[in-house]
Structures are given as C-alpha cells and as structure tokens.
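As a plain string of letters, each chain reads:
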Amino acid sequence: MCDLKFGAYVYEPEKAEGFDFHVLRVKVETGARIPPVQDMHSNIAVFADNVAARSHPDWISQSPLGPARMGNSNFNIYWDVVCATQPEHRGEQLDYIEDVDRHSRGVWLNSQFFADHGHCTCPRCNELWMKSGLSWLEWRRKEVTNYIAQVRERVKKELVMCIQPDPVTSYERYGVDFGDLAKYADAFNVVMFSKNYATPWYWEMLARGFKTLLKKPVYISLYVFGPGDNVINVPSASELLTVSVRCARTGIDGILYLTSGASQIRDFQKAAVDKVELRERLKSYGSQPVQEVLDLVKSWEKIVG
Ligand SMILES: [Zn+2]
C-alpha cells in the first residue's frame, strides 16, 4: 500500500502515465487561461494576473516600496499582482473558480493572498483597515481568511492551498495564517521551485517544518522543467531523486513534479530510471516513505522502457 501520493503538475492538458493524479495550470500568473479538464485538478493563480493588471492599472497592489509590478526588485515578484481586496477581481475570480471546479477534479489555488510584506496600501485598503479597528497585520489576515471562506463555499470538490515556502513570516508577508487556511483547505501544497536542488538538506528541513505546522495533508512541489527552459538550466535527475527521498522521509503526504507538459515528464521519468546506482544507494536513506519514492521510479521502468 502506498501512502505517499505523486502528482504531475503541468501547463498542458495531457496526462503523463505513472502518477496518482494530475494538476493542470488552467490560469497562470500571466493571466493566460486554458480550459479545465474533467479528470485533472485545476491550478489557478488568483491575484497574480498580468492580464487584469494591464486592463486595470489602478488595481495593482501598492506598498511603501512600490507597486507589485513585474520588475520591482524589492519583492520576490515576477508578474503583476492585483490588490487582494479589489472587489471586481475578487468577484470575477470566485465565479471563475466555481466554474473550473465544476469542470475538473477540484481547485488548487496559488497567489490567493497579499502580494508580499507592506501590501496593500491603496486607498481602498487603507479605508478598510481604518474601519476594521484591527491592527494592520490582523486586518490583512482577516481579508485573506474571509476570501478563502468565500472560495470554499464555491468549491464542491477538492480545495488545495498552495503556499509560499516561508514557514515563519507568511503572516507578515502575505496575510496567511496557516490555522485559518486549514479550516477551509483539504490540503496544502508548498511550492518549492528551484532551478537546482544541490543542497537537499534545506529542502528537507522546510518540508519537515511545514509538516509540523500545517494541520492538513502536505504536498510539496518540485521544479523539473518549465516552459521555455533549456536542459542545462534545470535540476538534474540525480538532484530530484535525492531531494524527493529526503523530503519524503519527513512525513509529507505527497510530491508533485512541475513540467511544461507530459513529454517533459517522460524525459524526467527516463532520466530517473537510468540512475540505477543512485536508486540503489538511496534505499539506505530511510524506511517506508523513501521506499515508496523508489518504488514509484521502479514502476516507471515499464513506461519508459
Ligand atoms: Zn489595496
């Protein structure tokens, strides 16, 4: 029996063989949307939305260090982020989320919170904060949590909260309270994307920390091969196998592998299968969860063989 679940996390609506489930990026941070697929889960970026920001420049989240616009290097932002209290965007996203849920296996949300620390100081947010009578941070938390409660009313299937890999200051940065979100989420997905996993110890520590903090099942997502990537700039199969095994032994509930599409998943599966010596060595890294990762790779032998 396998306790760990393994997912393919993709930008194109084709299912790769050899996984328990499939998450399709139906709305990405650029704002681009593709139709959901009935037998895949749907990933939606809510407030990171270049299209909405381009159409409504006054919706962009504001801060003392400037707007949440692509290119503002004060923040870890690679796209434009809409203010998390913008009522029209919130409403449109709720309707969209409900529709996507109906046409797929459920919704995995990311960017469903404030852009980063210091956001948002737009006139509407300032007014809402003043009226709330709460501290600045508690007001932000309430805004995020109330919106997630509204999302929960719309999503009838699985609702997963993707969160940034910050176990300590997510409250200060994003208005995210893990306990609040756990009340509405079926699971969490900690996004651990990196162009290499050369030091697996750090990722293992993060996985262990999140498993301790989060009161719902915890998935992690690892970066394999994104759209437009070159093969020399992505994590090696050896790094991905090692970091998978080391994170698995922390007690997390599943691992997702991000690629642009099913064919890049197959390339990864083939490269992983070919690491015969490493797969043998990793058997000594831990008990059942480690063996489950290695069994998964073994099961890929007949797919890529
Ligand atoms: Zn605002």
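In this report, the structure presented in the accompanying data block is examined.

Calculation rules
All residue numbers refer to position in the chain's written sequence, counted from 1. Per-residue local features are limited, in this predicted model, to residues with pLDDT of at least 70; the limit for side-chain atom pairs, both in listing and counting, is 80 or more; totals at the level of whole chains, interfaces and linings are taken over all residues. The side-chain quantities take in all heavy atoms of the structure and omit both hydrogens and water. Secondary structure counts use DSSP, requiring at least four H or I residues in a row for a helix and at least two E residues in a row for a strand, with both numbered from the N terminus. Only the C-alpha atoms count toward the radius of gyration. The rule for a globule is 2.2 Å times the residue count to the power 0.38. Only protein chains enter the accessibility calculation, which uses a 1.4 Å probe; a residue is then buried when its area is under 20% of its type maximum, exposed when over 50%, and partly exposed in between. Note on contacts: a residue pair is in contact if any heavy atoms of the two residues lie within 4.5 Å. Residue exposure ignores everything except the shown protein chains as possible cover, and the areas themselves are Shrake-Rupley values with a 1.4 Å probe. Asp and Glu are treated as the negative residues and Lys and Arg as the positive ones, with His and the ends of the chain left uncounted. Charged groups are reduced to one reference atom each: NZ for lysine, CZ for arginine, CG for aspartic acid, CD for glutamic acid. For Na, K and Ca the donor cut-off is 3.2 Å, while for other metals it is 2.8 Å, and in both cases only N, O and S atoms qualify; water is not among them, so sites may look incomplete. Note on geometry labels: four donors, all angles 85 to 135 degrees, give tetrahedral; four donors become square planar and six octahedral when opposite donors are over 155 degrees apart and every other angle is between 65 and 115; remaining cases are irregular. Two strands pair if DSSP finds at least two bridges between them. For helices, the fitted axis covers only the stretch in contact; all axes are lines through C-alpha atoms, and the angles between them, taken along N-to-C directions, range from 0 to 180 degrees. For this analysis, a salt bridge means a side-chain nitrogen from Lys or Arg found within 4 Å of a carboxyl oxygen belonging to Asp or Glu. Rotating anticlockwise by less than a right angle from the far helix to the near helix defines a left-handed crossing, while the corresponding clockwise rotation defines a right-handed one. Classes in brief: Ala, Val, Leu, Ile, Met, Phe, Trp, Tyr, Cys and Pro nonpolar; Asp, Glu, Lys and Arg charged; the others, Gly included, polar.

### Quick look at the overall build of the chain
Consideration 1: Each helix and strand counted, the chain has 11 helices and eight strands in total.
Consideration 2: The C-alpha atoms of the chain give 19 Å as radius of gyration, which agrees with the globular expectation for 305 residues (19 Å, within 12%).
Consideration 3: Dimensions along the principal axes, computed over C-alpha positions, put the chain at roughly 60 × 35 × 35 Å.
Consideration 4: The burial tally for the chain puts 52% of its 305 residues in the buried class.
Consideration 5: Sequence-distant contacts, at least 24 apart, represent 71% of the contacts inside the chain between residues at least 6 apart.
Consideration 6: By element, 54% of the accessible surface of the chain is carried by carbon and sulfur atoms, the whole surface being about 13,200 Å².
Consideration 7: Within the chain, the 38 negative side-chain charges are centred at a point lying 2 Å from the centre of the 36 positive side-chain charges.

### Quick look at the coordination of the zinc ion
Consideration 1: Bound to the zinc ion are the protein donor atoms C83 (SG), C120 (SG), C122 (SG) and C125 (SG), situated 2.2 to 2.3 Å from the metal.
Consideration 2: Classification of the site at the zinc ion as tetrahedral follows from its four donor atoms and the range of 97 to 118° in their angles at the metal.

### Details of the sheet that holds strand β7 (residues 218–225)
Consideration 1: Taken in spatial order, the eight strands line up as β1-β2-β3-β4-β5-β6-β7-β8 and close into a barrel, and their pairing is parallel. Within this sheet the neighbouring strands show an average axis-to-axis angle of 25°, counted without direction.
Consideration 2: Judged from the five bridges that link them, strand β6 (residues 187–192) and β7 form a sheet pairing that is parallel. Each residue of the ladder has a partner; that of V190, found in β7, is I220.
Consideration 3: Lying on the sheet, helix α7 (residues 200–213) is in contact with β5 (158–163), β6 and β7; it crosses β6 at an angle near 160°.

### Describing unusual backbone geometry
Consideration 1: In the segment running from H119 into C120, the intervening peptide bond is cis, with an omega of 5°.
Consideration 2: Relative to the helices and strands, C120 is located in the loop between β4 (106–110) and α3 (123–132).
Consideration 3: Here the phi dihedral of S111 falls at roughly 55°; this positive angle occurs in a residue that is not glycine.
Consideration 4: Turning to its location among the elements, S111 is positioned in the loop between β4 and α3.

### Topic: the pattern of salt bridges
Consideration 1: Going through the model one piece at a time under the given rule, you end up with 27 salt bridges.
Consideration 2: One connected set of salt bridges, linked through shared partners, spans D95, E98, D99, R102 and R154.

### Things to note about the environment of C162
Consideration 1: By the secondary structure assignment, C162 is in strand β5.
Consideration 2: Spatially, the C-alpha atom of C162 lies 4.4 Å from that of N189, the residues being 27 residues apart in sequence.
Consideration 3: If we ignore the near neighbours within four places in the chain, the residues touching C162 are Y9, N43, W108, L109, N110, Q112, F113, N189 and V191.

### Focus on the packing of helix α8 (residues 237–248) against helix α11 (residues 288–304)
Consideration 1: It is at 7 Å that the axes of α8 and α11 come closest, and there the two elements cross at 145°. The element α8 and its partner α11 pack so that their crossing is right-handed. Contact residues: L241, S244, V245 and A248 in α8; P289, V290, V293, L294 and V297 in α11.
Consideration 2: Considered class by class, the residues forming the contact of α8 with α11 number eight nonpolar, one polar and no charged.

What is shown is where atoms sit, not what they do.
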